[in-house]
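# Structural overview
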6 protein chains.
Amino acid sequence: MLYPNVETFIGCDSSYRAASIVLYGAPYDSTTSYRPGARFGPAAIRHESYGLETYSPYQNADLTDFDIFDSGDLELCFGSSESALADIQSRAAEILHDGKFPLLLGGEHLVTLGAVRAMVEKYPDLHIVHFDAHADLRDDYLGAKLSHACVLRRCHDLIGDGRIHQFCIRSGDRTEFEFAAAHTEMHKFDFTGLAQLTEQLCASKVPVYLTIDLDCLDPSCFPGTGTPEAGGVSFLQLLEAIRTVTKANIVGADLNELAPTLDTTGVSTATACKVLRELLIALDKGWPGFQV
Amino acid sequence: MLYPNVETFIGCDSSYRAASIVLYGAPYDSTTSYRPGARFGPAAIRHESYGLETYSPYQNADLTDFDIFDSGDLELCFGSSESALADIQSRAAEILHDGKFPLLLGGEHLVTLGAVRAMVEKYPDLHIVHFDAHADLRDDYLGAKLSHACVLRRCHDLIGDGRIHQFCIRSGDRTEFEFAAAHTEMHKFDFTGLAQLTEQLCASKVPVYLTIDLDCLDPSCFPGTGTPEAGGVSFLQLLEAIRTVTKANIVGADLNELAPTLDTTGVSTATACKVLRELLIALDKGWPGFQV
Amino acid sequence: MLYPNVETFIGCDSSYRAASIVLYGAPYDSTTSYRPGARFGPAAIRHESYGLETYSPYQNADLTDFDIFDSGDLELCFGSSESALADIQSRAAEILHDGKFPLLLGGEHLVTLGAVRAMVEKYPDLHIVHFDAHADLRDDYLGAKLSHACVLRRCHDLIGDGRIHQFCIRSGDRTEFEFAAAHTEMHKFDFTGLAQLTEQLCASKVPVYLTIDLDCLDPSCFPGTGTPEAGGVSFLQLLEAIRTVTKANIVGADLNELAPTLDTTGVSTATACKVLRELLIALDKGWPGFQV
Amino acid sequence: MLYPNVETFIGCDSSYRAASIVLYGAPYDSTTSYRPGARFGPAAIRHESYGLETYSPYQNADLTDFDIFDSGDLELCFGSSESALADIQSRAAEILHDGKFPLLLGGEHLVTLGAVRAMVEKYPDLHIVHFDAHADLRDDYLGAKLSHACVLRRCHDLIGDGRIHQFCIRSGDRTEFEFAAAHTEMHKFDFTGLAQLTEQLCASKVPVYLTIDLDCLDPSCFPGTGTPEAGGVSFLQLLEAIRTVTKANIVGADLNELAPTLDTTGVSTATACKVLRELLIALDKGWPGFQV
Amino acid sequence: MLYPNVETFIGCDSSYRAASIVLYGAPYDSTTSYRPGARFGPAAIRHESYGLETYSPYQNADLTDFDIFDSGDLELCFGSSESALADIQSRAAEILHDGKFPLLLGGEHLVTLGAVRAMVEKYPDLHIVHFDAHADLRDDYLGAKLSHACVLRRCHDLIGDGRIHQFCIRSGDRTEFEFAAAHTEMHKFDFTGLAQLTEQLCASKVPVYLTIDLDCLDPSCFPGTGTPEAGGVSFLQLLEAIRTVTKANIVGADLNELAPTLDTTGVSTATACKVLRELLIALDKGWPGFQV
Amino acid sequence: MLYPNVETFIGCDSSYRAASIVLYGAPYDSTTSYRPGARFGPAAIRHESYGLETYSPYQNADLTDFDIFDSGDLELCFGSSESALADIQSRAAEILHDGKFPLLLGGEHLVTLGAVRAMVEKYPDLHIVHFDAHADLRDDYLGAKLSHACVLRRCHDLIGDGRIHQFCIRSGDRTEFEFAAAHTEMHKFDFTGLAQLTEQLCASKVPVYLTIDLDCLDPSCFPGTGTPEAGGVSFLQLLEAIRTVTKANIVGADLNELAPTLDTTGVSTATACKVLRELLIALDKGWPGFQV
């Protein structure tokens, strides 16, 4: 008896029933203004993960120690953002309803809005921690309210002032930085301030959504993204940030903006896979002794 | 005194006032379902045209003999097809109003709908000649009515049965071929029937819109497109088809679906440039003696 | 309730029990002497098939009309050909034992030997029809008896003179052509003689194994292969050859030597997908009226 | 009324009359000895700049606050260095004559010589600050006096000892390092010494020409250049160096050796665009509070 | 005892003394106006030839049957055409003086002029047979008399009217076609007329130089060249043309304009290798029975 | 008189007799489990070295000051690891027998085993210093004992506990890290501990074999390798490590796992060339004053 070909992120072969974390992919990039290709991100992460070990020497833990389920990619309608966001929200709500942790793989950053809409219904006091090169705070982009360049602004519409915490930001127009000064907590260029914020989030026990735009990484280690911005953080800095922030009460997360075909060396995809492995392990429990 | 940097398709440096043909680009590909990148097509054609001669040995004529104006690219809103189509329609209408011939450079094939909407207002009895690998006759694609896979179906909504003439079609789902059997004139695989059709179009003097999806070409000579389909026509066959059909009363045209970054050799872009040169010359007047 | 991510060749979603044809992949290329990468072939064909329609306008049939099962890829040991061949033979034998048709996706051409070993056990009077740019008739290659350059010679060891029928051959050393003159039926350069051979095979009703090295195609339409050889056949010629030879009593088949990363345009993979679709349909039944 | 397609570096849309800084491109690379392609640099910087914001969070300033004019590329004769240099010199002289700041975009590094010839006529006491991986101090290269490998040596011919200040140098033959020890001020490997030099230049108020070979950057962040040299500086180090040296009396500048097609990720071009944005802002005025 | 690493075109390992044909490479492309890279041609042909068989099934002959010597590449001065041409002429003259057949590997097409200067000294009544997409008949290109776009014009300066025979030409400005009508024998688009010309050349026994610009091939099979031109001949057509024209009294030859890095599939280089193998065999003797 | 084309690593043109260091290449990668291509490493290093200077400003020394011989690549049998290892061992033994230093260029890391087998025969008390991202300590990989993932484990079979010293390790399965804890001296992530180890090795004067897997470098500066692992060391850190460890009694060395075609920018190959230059100089004598 032969079985059909199942393809999941490496080491994520729990049953849905047993799983504590559920991966779901949103291969959408219709509003990307510069270079499209993030639609290919989740499939590439899943496919190339077979070049990765399940064991992390950084956290001395193994993906196979945990119960993680990979539900594959949603089939989204290119060209209709509202329809795509509805499908994402619905999937996130289902996972939340079943008492599991939803971990979204983008796609362009707009997909975060679908997940956040579902999160806010369950957690009205949600905070968002946002790692990104771009502020994503425009009110509209060439007339579109639903654009990857506006996604944190739309989140702000939902959760209001003082609850969005931004790190690594190094690109935006002047009005976005002015908006941030008034309405969000923005840390430019790197992770300065993250440890202090995490302490506050831990103390208050508020629910936190973590959204990671992989272009927070420097283009030297992550060129495969739509709008690369020189001057970013290193892989080890991101790793440390993930291990820091996951001490807070994270209730949902996403990883987005890998555009794998833009980097033919495959390094960007391999790096995204490793970030996901470390994120999954860090979310599952807080490991002591980061060894770098 | 120095002048700003003007970039047009080679040899298209007439003033707008004097021009008989006006180029306009629509860098849009948000509904592309498989591989995006057609947004980069019109700029690539314009930029790489400096590697082309203005003289055509096939038609013994030179682009500089004619009055052609290149108005550059529209700034379109990614992620909102209706908004993008409105901008395209408006530009086409302006060109038509000024008594000039609008020649649209896509972008994905959906952009054709914007132009056809403007054409139909001026020419209610419009026919469409369609060169393409794909039927593009779906009623919707994953729920979207405005998709590159539906564009000829939307044109059919506007102009009705028996006025769409399709050539080179070699891909589609079964229902599209069934729709074509009932509502359009479809020629599969190549240009068989084009000479006869042209005679009829010439005799009836009806206004004709010519839409060329460059993926009608075989992927061996044109790999740089979103959905390449083996088994297409050669460059010389396309050239002959253009010289044939332009004997009819062509009142508008477009060239689309070059996705230049998908072909790093640059051959697809160079070929698109040459197709555009030959199309411009053939439109301007009917040259005798195709020499292949 | 969510389901794990199943990835098959498009339209091949029958159950194993119901299936008449079973796909199995052999991602192996350790003996490739020039440019490796065929190991990535079967996964690429499966993954990129979502850009393909299930309907064939050439054969007016649809993959979804048939019962085909995709069992995914074997996990083979790189660097040990004997071990890899044993695993392939075992899988082929299991499929044959269950009364189904085994269709192998390579991988380098050596994988054919694993399948043929299983076929010969069931069909001692097996003939092989071989489409390839290369003779693959060396007795050894740099000392190795198990090499992609020797695979038809090893098949000859198993089935003997006059039962290997080669087409499109345009590369080899002089001794291979001399061996062919004495021991196989070789047709150089193209498919001349295939119709006549098929008539003989049909008349004798002998069981036939069909092995297609995709480098029989011209590099213009199929550059993504380890050793491209100028002067090959076109996609339409291959399509016609497939529709011709499948009138014989084909009992097993393979498609190999796609090295997808060597062709960054993706055209080679898209073409391999279409060849596989047409092969599956042609194998399932003999359709009249090839329309080119 | 439609307008022709004007393409400038983003935010550089002043009139020539109003402009204080004038960009001019020199798409020349005929003497490049290893890997050509720098000829495509200026057009790529201009074209890809639309993916960049005009606002700099590093300097809290916006390109649109300033008056900058982009005069496009010179049409240079490939294969004749003397002729190309004459055209560059003439353009630089015209800009200087009109009381504006000439900012040259290369091209290979030899183009600097054309600009320096014009600068020296106006500023006989010119100093040159040189950021580069290579010493460029050969007296000839395979017999050619006019080669990118000799360009600073030719500048030394014009301005003499002690007036060339070199930074980041990590490649050259032994004689070049010996020449530097006797005739220039060379700082190997990084920007050590730049702050001190700048103080001296400020104190003396001498006119300074700044020439930036982008290969001073490490290949990890800037692979798209003819001769990449491991061990370079980071983007943030270069940014800081630019903000330091622009406190001196800079009277002309250039940015060269981007070879965009060598880096298909597009990161090198995006980085060059950002370096140019920061350079333009830093030149326009000295902003306090660099925030990294 | 170990030996140093010798790298020649496959099968060309005769001693210089014994050789009848001598290969020499001219890695020069400084005057290339569009896309450089032909400088890498000869080394790529030599290096990648190990993927080729020495045996030709087309001519039933083997490179190892002949005495061919590969002298490697000249070290030419980039940026000085006159100097490079002098070195090429000197090498060609030396080979001619030693009574051997010089076969030059370019490089851009300008290198032909160096060889032709040497040929004309020995054979004042030289004819040139020229396979190319481009007329190469400009009197100057942006002021340069020595440019790849002028090379046949410079040859005409040397040998005069009626002795240049051009085939496959499909690009040029109008004046070049007018010059050809008056001064050369030009066959547009393909090899029509070659058989007839060869008969005349055989009858008159004049010495003939054969210059093959590989861009005569269609870009579908040869994209790796500086200025690809759609509408060219196939590999098999070129093969037949080579076997036809080599019946004449060929006294020298060249193969040029492979730019290997422009085609990352490697197909262009592999095709150039095969063209060279077939040319070497055809030159060595006239084999009967071309089998396509 | 013309000479055949000799191609060596730049500056390595000593005679074999006079040489103290002998380079030999092992273009083998049949057991590579993820992405093949290391077979192309040694030829690429040799070919691209002409873009490198022979002079090192880091060590103020020149390759031409030393006597180094490049014996080219072995012709190895793809698909048979035991046969390939025997050929490598034999070549290493010959070089050792002649009293010279063998420096092996891989190829995949398995090739090290061939060299170590020869080294151990001559130096039974051999230690191994190992720079790598991967532990390479599996007992078998999918059943194969001879795999690149097992190579240090096979070395351990030969030399036993406490004599393998590993640095930069950041990937492996859990059992490999457990094996290392018991049997080797492993330093995770970077070169911490190398200076101290070197002192011990110097004091004991034991013979040391140095094996450098270039994937110890961060993928940002070295993407061209089969299994890139984020979080590696920089070029300057590797340079310093090489200059440190070469103070010990190094008796043999290798450099492996460059897969040049995976990095189309060429930076990985250029970096490998520079690492080899610095390694050769550092091995030849211990230079004071590393200047970074």
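Position labels on residues start from 1 in each chain and follow its written sequence. Here the convention is simple: chains get letters from A, ligands get numbers from 1, in the order in which they are written. Note on the predicted model: pLDDT of at least 70 is required for a residue's local features to be given, and 80 or more for side-chain atom pairs to be given and counted; whole-chain, interface and lining totals, by contrast, use all residues. To obtain the side-chain values, all non-hydrogen atoms of the structure were included, while hydrogens and water were left out.

### Observations regarding the interface of chain A and chain C
Contact definition: two residues touch when any of their heavy atoms are within 4.5 Å. Opposite the 22 residues of chain A that make contact, chain C presents 22 residues. Both sides of the chain A and chain C interface together cover about 1700 Å² of buried area, and 64% of this is carbon and sulfur. In the analysis that follows, any N or O atom pair within 3.5 Å is treated as a polar contact, provided that within protein one partner can donate a hydrogen and the other can accept it, and provided that, for residues neighboring in sequence, both atoms belong to side chains. Taken together, the connections running from chain A to chain C amount to two residue pairs in polar contact (both at pLDDT 80 or more). A total of five residues in the side of chain A that touches chain C trace back to one element, the largest contributor, which is strand 4 (residues 68-73) of chain A. As used here, buried area is the combined drop in accessible area, with a 1.4 Å probe, of two parts when they are placed together. Only DSSP runs of H or I with at least four residues qualify as helices, and only runs of E with at least two residues qualify as strands; both kinds are numbered from the N terminus onward.

### Looking at the state of the cysteines
Here, two cysteine sulfur atoms that lie within 2.5 Å of each other are counted as a disulfide. Across all of its chains, the model carries zero disulfides over all chains by this definition. No disulfide involves Cys202(E); its nearest neighbouring cysteine sulfur is the one of Cys168(E), lying 19 Å away. In this structure Cys77(F) is a free cysteine whose sulfur lies 9.2 Å from that of Cys150(C), the closest cysteine sulfur available.

### A few points about the pattern of salt bridges
By salt bridge we mean one thing: a side-chain nitrogen of Lys or Arg within 4 Å of a carboxyl oxygen of Asp or Glu. As enumerated under the stated definition, the model contains 83 salt bridges over all chains in all. The salt bridge partner of Asp70(E) is Arg46(E), with a shortest N-O separation of 2.9 Å. Taken together, the residues Asp70(E) in strand 4 (residues 68-73) and Arg46(E) in helix 1 (residues 41-48) connect sequence positions 24 residues apart. Asp70(E) sits in the buried class, given a relative accessible area of 1%. In this scheme, a residue with accessible area under 20% of its type's maximum is buried, one over 50% is exposed, and one in between is partly exposed, where area comes from a 1.4 Å probe on protein chains only. On the basis of relative accessible area, Arg46(E) is assigned to the buried category, the value being 5%. In this structure, Asp157(E) engages Arg154(E) in a salt bridge whose closest nitrogen and oxygen atoms are separated by 2.8 Å. Taken as a pair, Asp157(E) and Arg154(E) lie in helix 4 (residues 151-159) at a separation of three residues, close to a single helical turn. Taking relative accessible area as the criterion, Asp157(E) reaches 49% and is therefore assigned partly exposed. The class of Arg154(E) is buried, set by a relative accessible area of 9%. Each of Asp139(A), Lys145(A), Arg153(A), Arg154(A) and Asp157(A) takes part in one network of salt bridges that share partners.

### Some points on the sheet that holds strand 8 (residues 185-188) of chain F
Strand pairing in a sheet is mediated by backbone hydrogen bonds. Such pairs are either parallel or antiparallel. All names here are of chain F. Whether two strands pair comes down to DSSP finding at least two bridges between them. Spatially, 4-1-5-10-9-6-7-8 is the arrangement adopted by the eight strands of the open sheet, whose pairing is parallel. The strands lining the two open edges of the sheet, one partner per strand, are strand 4 (68-73) and strand 8. With direction set aside, neighbouring strand axes in the sheet form an average angle of 15°. Pairing analysis gives three bridges linking strand 5 (residues 101-106) to strand 10 (residues 250-256), with the strands arranged parallel. Looking at the pairing, Leu105 lines up with Leu255 of strand 10. Contacting strand 1 (21-26), strand 4, strand 5 and strand 10, helix 2 (residues 81-97) crosses the sheet at an angle of about 175° to strand 1. Every angle, taken between N-to-C directions, lies between 0 and 180 degrees, and every axis is a line fitted to C-alpha atoms, over only the stretch in contact when it is a helix.

### Structural notes on the packing of helix 6 (residues 194-204) of chain E against helix 7 (residues 235-245) of chain E
Residues and elements named next belong to chain E. Between helix 6 and helix 7, the shortest axis-to-axis distance is 9 Å and the interhelical angle comes to 15°. Accordingly, the angle class assigned to the pair helix 6 and helix 7 is roughly parallel. With respect to the hand of their crossing, helix 6 and helix 7 are arranged in right-handed fashion. Each of Leu194, Ala195 and Thr198 in helix 6 lies in contact with helix 7, whose residues at this interface are Ala241, Thr244 and Val245. The class makeup of the residues in the contact of helix 6 with helix 7 is four nonpolar, two polar and no charged. Each angle is binned into one of four classes, with values under 35 degrees roughly parallel, values over 145 roughly antiparallel, values of 65 to 115 roughly perpendicular, and all other values oblique. Crossing handedness is defined as follows: a turn of the near helix away from the far one that is anticlockwise and smaller than a right angle gives a left-handed crossing, while the clockwise case is right-handed. Ten residue types, Ala, Val, Leu, Ile, Met, Phe, Trp, Tyr, Cys and Pro, are classed as nonpolar, four, Asp, Glu, Lys and Arg, as charged, and the remainder, Gly among them, as polar.

### Concerning the relation of the copies chain A and chain F
Note on the identical chains: chain A maps onto chain F by a rotation of 120° and an axial translation of 0.0 Å, with an RMSD of 0.0 Å. The two molecules are tied by a three-fold rotation axis, judged by turn and shift. Among all C-alpha atoms of chain A, that of Ser220(A) lies closest to the rotation axis, at 2.9 Å. Of the interface residues in chain A, just 8% have counterparts in chain F that sit at the interface too, so the contact is made through distinct surfaces. When the copies are superposed, the least-squares fit draws on C-alpha atoms of residues that have pLDDT of at least 70 in both.

### Here we look at the UniProt feature "binding site: Mn(2+)" (unreviewed entry) in chain A
Residue and element names in this part refer to chain A. In the numbering used here, UniProt assigns the feature "binding site: Mn(2+)" (unreviewed entry) to His109, Asp132, His134, Asp136, Asp213 and Asp215. Maximum C-alpha separation among the annotated residues is 12.3 Å over a sequence range of 107 residues, consistent with a single clustered spot. Summarising the element assignment, His109 is placed in the loop between strand 5 (101-106) and helix 3 (111-122). Not counting chain neighbours up to four residues away, the residues in contact with His109 comprise His130, Asp132, Asp136, His148, Val151, Leu152, Thr211, Asp213, Asn256 and Glu257. Locating Asp136 in the fold gives a position in the loop between strand 6 (127-131) and helix 4 (151-159). Other than its neighbours up to four places away in sequence, Asp136 contacts His109, His130, His148, Ala149, Cys150, Val151, Leu152, Arg153 and Glu176. UniProt positions are given in the numbering used here, feature names are shortened, and annotations may be inferred rather than shown by experiment.

### Comments concerning the interface of chain A and chain F
Listed as interface residues are 24 residues of chain A and, on the opposing side, 23 residues of chain F. Of the roughly 1900 Å² buried between chain A and chain F on both sides combined, carbon and sulfur atoms contribute 53%. Together, Glu53(A), Tyr55(A) and Thr265(A) form the three largest contributors to the area buried by chain A at its contact with chain F, with a combined 28%. Put simply, chain A and chain F have three salt bridges between them.

### A short note on the confidence of the model for chain A
All names here are of chain A. Each residue gets a pLDDT score, which is the predictor's confidence in that residue and runs from 0 to 100. Summarising the model, chain A shows a mean pLDDT of 94, and 97% of its residues fall at 70 or more. Ignoring residues within four places in sequence, the model shows residues 286-292, a span with pLDDT below 50, making 22 contacts including any to other chains. Model confidence for the complex: the whole-complex pTM is 0.96, and ipTM, which rates the interface, is 0.94.

### A short note on the relation of the copies chain A and chain C
By a simple turn and slide, chain A fits onto chain C: the slide is 0.0 Å along the axis, the RMSD is 0.0 Å, and the turn is 180°. Here the two chains are linked by the operation of a two-fold rotation axis. Across chain A, the rotation axis passes nearest the C-alpha of Val6(A), at a separation of 2.1 Å. Of the interface residues in chain A, 100% have counterparts in chain C that sit at the interface too, so the contact is made through matching surfaces.

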